[in-house]
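# Structure assessment
Each chain is listed here by its residues.
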Amino acid sequence: MTRAAITGWGKCVPPAVLSNHDLEQVMDTNDEWIHTRSGIKERRIAHVEVSDMAAVAGQHAIAAAGLEPEDIDMLLVCTCSPDRLIPSAAAMVQAKIGAHNAGTMDLNAACTGFLYGLTAAAGLIASGAITRALVIGAEKLTAFLNIGERATGVLFGDGAGAVVLEATENANEGILSTELGSDGRMTELLSVTHTGTEYPKGDPLYAERTVYMEGREIFRNAVVKMGESATNALEKAGLTLADVDLLIPHQANVRIIDATAKRMNLNPAQVYVNIASYGNTSAATIPIALTEALEEGRIKPGDVIVFVAFGGGLTWGGLALRWGDRTEPIRTSDAALPPTDKTGLELLAARPRV
Ligand SMILES: CC(C)(COP(=O)(O)OP(=O)(O)OC[C@H]1O[C@@H](n2cnc3c(N)ncnc32)[C@H](O)[C@@H]1OP(=O)(O)O)[C@@H](O)C(=O)NCCC(=O)NCCS
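Reference entry: report on the structure contained in this document. (Residues numbered from 1 in each chain as written. Predicted model: local features only at pLDDT ≥ 70, side-chain atom pairs only at ≥ 80, totals over all residues.)

## Some thoughts on the sheet that holds strand 4 (residues 74-78)
- In space, the 5 strands of this open sheet follow the order 1-7-6-4-5, with mixed pairing throughout. Taken across any chain shown, the strands that pair with only one partner, and hence form the sheet edges, are strand 1 (3-12) and strand 5 (103-107). Taking each pair of neighbouring strands and ignoring which way they run, the sheet shows an average axis angle of 20°.
- For strand 4 and strand 6 (residues 132-140), the ladder comprises 5 bridges, and the chain directions are parallel. Bridge pairing in strand 6 links Met 74 to Ala 133.
- Running over the sheet, helix 4 (residues 89-97) touches strand 4, strand 5 and strand 6 and is turned about 125° from strand 4. (Pairing = 2+ DSSP bridges. Helix = DSSP H or I, 4+ residues; strand = E, 2+ residues; numbered from the N terminus. Axes fitted to C-alpha atoms, helices over the stretch in contact; angles between N-to-C directions. Contact = placed C-beta atoms within 7 Å.)

## Thoughts on the packing of helix 3 (residues 50-64) against helix 4
- Remark: helix 3 packs on helix 4, axes separated minimally by 9 Å, with the N-to-C direction vectors making an angle of 55°. When the axis of helix 3 is compared with that of helix 4, the two are oblique. The handedness of the crossing between helix 3 and helix 4 comes out as right-handed. Only Ala 89, Met 92, Val 93, Lys 96 and Ile 97 of helix 4 make contact with helix 3, whose side of the interface consists of Val 50, Ser 51, Ala 54, Ala 55, Gly 58 and Gln 59.
- Looking at the contact of helix 3 with helix 4, its residues break down into 7 nonpolar, 3 polar and 1 charged. (Parallel < 35°, antiparallel > 145°, perpendicular 65-115°, else oblique. Left-handed = near helix turned anticlockwise from the far one by under 90°. Nonpolar A, V, L, I, M, F, W, Y, C, P; charged D, E, K, R; others polar.)

## Focus on the sheet that holds strand 12 (residues 304-311)
- The strand order across the open sheet built from 4 strands is 8-13-12-11, with neighbouring strands paired in mixed fashion. Of all strands in the sheet, those bounded by a partner on one side alone are strand 8 (174-182) and strand 11 (246-249). Along the sheet, successive strands turn relative to each other by an average axial angle of 15°, direction set aside.
- For strand 8 and strand 13 (residues 315-322), the ladder comprises 8 bridges, and the chain directions are antiparallel. The residue of strand 13 that forms the bridge with Gly 174 is Arg 322.
- Across the sheet, helix 7 (residues 215-236) lies against strand 8, strand 11, strand 12 and strand 13, angled at about 35° from strand 13, the strand it touches most.
- Across the sheet, helix 10 (residues 285-295) lies against strand 11 and strand 12, angled at about 145° from strand 11, the strand it touches most.

## Examining the environment of Asp 303
- Assignment of secondary structure puts Asp 303 in the loop between helix 10 and strand 12.
- Since 17 C-beta atoms lie within 10 Å of it, Asp 303 is described here as partly exposed.
- Dropping the residues within four chain positions of it, Asp 303 is found in contact with Asp 245, Leu 246 and Trp 323. (Buried ≥ 20, exposed ≤ 12 C-beta atoms within 10 Å, placed from the backbone.)

## A few points about the site of the ligand
- Around the ligand there are 19 residues in total, and Thr 29, Cys 111, Arg 150, Gly 215 and Ala 252 lie nearest to it.
- Elements that contribute at least two residues to the shell around the ligand include exactly helix 2 (31-38), helix 6 (150-153) and helix 7.
- Considering only residue class, the shell around the ligand consists of 10 nonpolar, 6 polar and 3 charged. (Near = placed C-beta within 6 Å.)

What follows is the structure, encoded as structure tokens:
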């Protein structure tokens with residue numbers, strides 16, 4: 001049976017840092033509230049676009065897999081904040097990295113996007129349609145924030161993470177199962193409004209885009225759905241919670257992560273958390289966290305790893321995989337973003353207020 005295994009990984013976080021103390025200068029909030037309620041201390045603000053961050057993360061993942069960009073058959077960017085509506089961010093990344101033999105597409109399942117993307121790419125591999133995929137989660141959600149809106153403005157950050165998936169016949173590695181879900185009746189709980197065809201050009205509200213979120217309702221749903229989808233994914237793989245070596249959850253709020261881990265009966269050493277440094281980077285949180293978990297030696301050959309996520313839609317998902325033999329990159333890449341001399345606060349302040 002052909003499965004998809006992660007053979008390369010990489011991340012790109014923009015250099016400009018925006019701390020909670022910086023935010024105190026532009027909205028009615030404070031470090032203590034943000035850290036206690038969300039676990040976030042700082043986040044990154046992009047001075048470039050989503051395709052730029054995605055391209056850098058993608059090149060690191062391709063090098064880690066020991067491949068060349070031309071080896072990729074499918075390039076999938078999971079994002080809800082692409083540079084443009086047309087072309088896809090994936091097509092722009094393709095040109096930037098030279099993955100000329102790949103098909104390209106974007107996928108939007110909000111913060112669950114990376115799990116939907118992994119599932120789609122793994123299915124293409126299992127069907128024999130492709131052999132190697134580059135799956136990238138990349139977001140610049142800070143472009144949609146209203147500076148001063150404290151309910152959402154403190155939670156999000158920018159960044160990208162990527163993995164290479166390759167076909168394997170080895171029964172002891174690869175993606176074992178996924179469980180994806182959605183409830184479109186909860187559309188209004190989390191939404192970036194005034195962006196699409198609802199408000200065409202010329203409409204007075206066109207471009208009055210902003211993130212709208214009902215935090216408490218999302219919180220409640222997230223804890224239930226993340227726990228359920230992780231358990232269901234494990235069951236589909238013939239495993240139980242006792243088999244889990246590491247849970248890598250979507251990083252939206254450390255209290256949601258803690259509550260999910262508790263429901264799954266996992267101890268803190270079995271859960272990877274880096275939200276303090278980056279906030280919620282939407283579809284990018286899991287591949288960034290996976291890359292950092294590998295860099296920190298938190299993943300061992302043969303480990304059972306579970307990804308869980310939830311986001312706008314509402315959408316949710318769980319994915320179980322068994323890690324292969326290699327936890328070190330085959331090669332490294334010197335791909336990097338252009339430098340900036342701007343601080344996070346300066347970049348945020350330079351964005352027009354709507
Ligand atoms: C947003 C979230 C952190 C708010 O935490 P909470 O404990 O539910 O806080 P509440 O919304 O009940 O607000 C409590 C108080 O803090 C205030 N507050 C809200 N945001 C604040 C901020 N940034 N700084 C200071 N105070 C703030 C509120 O006005 C409220 O004050 P009040 O009691 O005087 O009315 C939390 O609900 C959450 O993380 N939800 C999930 C959001 C999410 O994950 N979204 C992305 C999905 S992928």
